[in-house]
Amino acid sequence: YIDNINPALKFVYIEHQQEILRDIEPNMKDDKIADVLYKYKGSAENRILKKTKEVLDTNRNEVLDLKSQIEGAIKDMSEIHKNGLAGYVLYRYRLLQLLQKRLEINDDGKYTLESNIHDLIYPRKETSETLALNDHNLWILDDKLMLHTYATSDLDLKKISDSSSTDRPDVLIFKEDGIRGEVSSVTIVEFKRPDRIDTNVVDQVYGYVEELNNRNIKTETGRTIQTVKDGTVYYCYIICDFKHYESELEKMIKKFQFKKTVGNLGYYCYNENYNAHVEILAYDKLVSDAKLRNYAMFNKLGLDIKDI
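Residues numbered from 1 in each chain as written. Predicted model: local features only at pLDDT ≥ 70, side-chain atom pairs only at ≥ 80, totals over all residues. Heavy atoms only, no water.

**Side note on the overall build of the protein chain**
When helices and strands are counted, the protein chain shows 11 helices and nine strands. Burial status across the protein chain gives 42% buried among its 308 residues. In the protein chain, the proportion of contacts linking residues at least 24 apart, taken out of those at least 6 apart, comes to 59%. When the accessible surface of the protein chain is split by element, carbon and sulfur atoms take 48% of a total near 17,700 Å². (Helix = DSSP H or I, 4+ residues; strand = E, 2+ residues; numbered from the N terminus. Buried < 20%, exposed > 50% of the residue type's maximum accessible area, 1.4 Å probe, protein only. Contact = heavy atoms within 4.5 Å. Areas by Shrake-Rupley, 256 points an atom, 1.4 Å probe, with all protein chains shown as cover.)

**A word on the pairing of strand β2 (residues 171-176)**
Counting buried residues in β2 gives five out of six residues, a clear majority hidden from the surface. Pairing of strand β1 (residues 150-153) with β2, which is carried by four bridges, proceeds in the antiparallel orientation. Its bridge partner being in β2, Y150 is matched across the sheet by F174. (Pairing = 2+ DSSP bridges.)

**As for the state of the cysteines**
Covalently bonding the sulfur atom of one cysteine to the sulfur atom of another cysteine gives a disulfide. Under the defined criterion, the tally for this structure stands at zero disulfides. The cysteine C236 is free of any disulfide, with C269 supplying the nearest cysteine sulfur at 8.9 Å. The exposure class assigned to C236 is buried, which follows from its relative accessible area of 1%. (Disulfide = S-S within 2.5 Å.)

**Quick notes on the pattern of salt bridges**
Per the counting criterion, the structure on display carries 16 salt bridges. Here R168 ties to D156 by a salt bridge, and the two come within 3.7 Å at their closest N and O atoms. Of the two residues, R168 sits in the loop between α7 (157-160) and β2 while D156 sits in the loop between β1 and α7, which places them 12 residues apart along the sequence. Take R168: its relative accessible area is 39%, and that puts it in the partly exposed class. In this structure, R215 and D162 form a salt bridge, with 3.8 Å as the shortest nitrogen-oxygen distance. (Salt bridge = Lys/Arg side-chain N within 4 Å of Asp/Glu carboxyl O.)

**Regarding the nonpolar core**
F174, I188, V202, L212, F258 and I280 are the most contacted members of the largest nonpolar core, which has 35 residues in total. Ranked by the residues each element gives to this core, the list is headed by helix α8 (residues 201-212), at seven residues. Membership of the second largest hydrophobic core comes to 33 residues, among which are I117, L131, L281 and L303. (Core = buried A, V, L, I, M, F, W, Y, C linked by side-chain atoms within 4.5 Å.)

**Overview of the packing of aromatic side chains**
Scanning the entire structure with this criterion turns up six aromatic pairs. For the pair Y93 and F298, a centre-to-centre distance of 5.2 Å together with 80° between the ring planes defines the contact as edge-to-face. Here F298 lies in helix α11 (residues 295-300) and Y93 lies in helix α5 (residues 79-102), a separation of 205 residues in the sequence. With respect to burial, Y93 and F298 carry one shared label: buried. Note on Y150 and F174: the rings are 6.4 Å apart at their centroids and 20° apart in plane angle, and the pair reads as stacked. Residue Y150 is found in strand β1, and its partner F174 is found in strand β2; the two are separated by 24 residues along the sequence. An aromatic cluster is built from Y206, F256 and Y274, whose rings are joined through pairwise contacts. (Phe/Tyr/Trp six-rings, centres within 6.5 Å; stacked < 30°, edge-to-face > 60°.)

**Looking at helix α9 (residues 246-256)**
Among the residues making up α9, those that are buried are L249, M252, I253 and F256. Viewed along the axis of α9, the buried residues span an arc of 95°, placing them on a single side of the element. Turned more than 90 degrees off the buried face of α9, the exposed positions are K251, K254 and K255. Backbone geometry just after α9 places Q257 at a positive phi near 60°. (Arc of directions from axis to C-beta.)

**Considerations on α8**
With 12 residues, α8 extends 17 Å between its outermost C-alpha atoms, agreeing within 8% with the 16 Å of an ideal straight helix rising 1.5 Å per residue. The complete set of buried residues in α8 reads V201, V202, V205, Y206, Y208, V209 and L212. In a view along the axis of α8, the buried residues occupy a sector of 150°, so they form one face of it. Positioned one or two residues after α8, N214 has a phi angle of 60°, which is positive. (Expected span 1.5 Å × (residues − 1).)

**Some points on the side chain of E182**
Tracing the backbone shows E182 in strand β3 (residues 182-191). Overall, the relative accessible area of 19% leaves E182 in the buried class. Filtering out sequence-adjacent residues up to four positions away, E182 remains in contact with K175, E176, D177, Q226 and V228.

**Details of unusual backbone geometry**
As a rule of thumb, non-glycine residues mostly have phi less than zero, and peptide bonds are mostly trans rather than cis. Even without being glycine, Q257 reaches a positive phi, approximately 60°. Structurally, Q257 is set in the loop between α9 and β7 (259-260). Owing to a relative accessible area of 64%, Q257 belongs among the exposed residues under this scheme. Although it is not a glycine, N275 adopts a positive phi angle of roughly 55°. Turning to its location among the elements, N275 is positioned in the loop between β8 (266-271) and β9 (276-282). For N275, a relative accessible area of 17% gives the class buried.

Set out below in structure tokens:
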């Protein structure tokens with residue numbers, strides 16, 4: 001069962017082998033075997049957490065011994081956990097290679113549609129209630145975005161809120177204040193085709209902000225969360241191509257008083273009226289930043305970021 005049907009529970013068996021074998025009966029059906037394994041899952045996870053905490057609680061004076069303690073803790077982890085982590089790191093590496101490939105000119109001399117890039121990061125017409133955590137790749141933009149209350153992709157605002165607008169932001173990510181039940185931050189992501197730029201895109205994003213203010217956000221399961229005009233912070237990302245549209249970009253940054261970021265592959269401004277942080281990012285910077293954030297993990301597996 002744990003080898004062929006539910007390998008994610010193998011670590012539970014390793015931690016509680018004797019107890020599980022005692023509870024398993026001959027010819028037991030799969031769902032009953034699952035019940036037994038899940039019975040001990042919490043305890044197994046707690047043991048691993050305790051081992052991890054012991055490492056984190058190490059006194060500063062024992063830093064030199066930290067490596068051996070970590071290695072000891074890793075040995076206690078099941079192979080499925082270690083192999084799963086290595087597999088996920090490799091997945092990130094291959095995905096960045098695929099993203100880089102999609103940013104190149106196709107055989108027909110044209111660039112890929114923004115929808116092909118959009119779907120790599122967060123599939124269109126989906127929400128966080130229809131997608132599993134590993135079915136989207138918001139980590140490419142920022143690892144913090146992986147943890148959110150609710151997210152939507154390419155859906156009319158009137159379908160996800162009490163707005164009547166048919167505008168469809170590419171990606172919306174809501175993070176809720178756990179105390180007041182209100183949206184503390186909204187992240188808006190807008191993609192543009194690699195060989196094009198829309199000089200009205202900043203106005204477009206601000207239009208989304210205005211439409212979302214004081215709205216009730218409706219999840220697919222019927223839950224409602226509320227945005228607050230004075231308290232909600234907006235993080236807006238505009239992802240586009242800088243290579244062929246320097247003049248249009250210059251007009252845009254002058255009009256909205258953007259400042260250049262380090263490396264000249266991005267622009268930033270804070271709009272106090274909307275409480276909005278707005279960043280215009282080149283696709284090259286999007287990939288480069290993701291590579292650097294994951295460099296340590298790639299390096300541990302012997303993966304060269306130069307090959308991305």
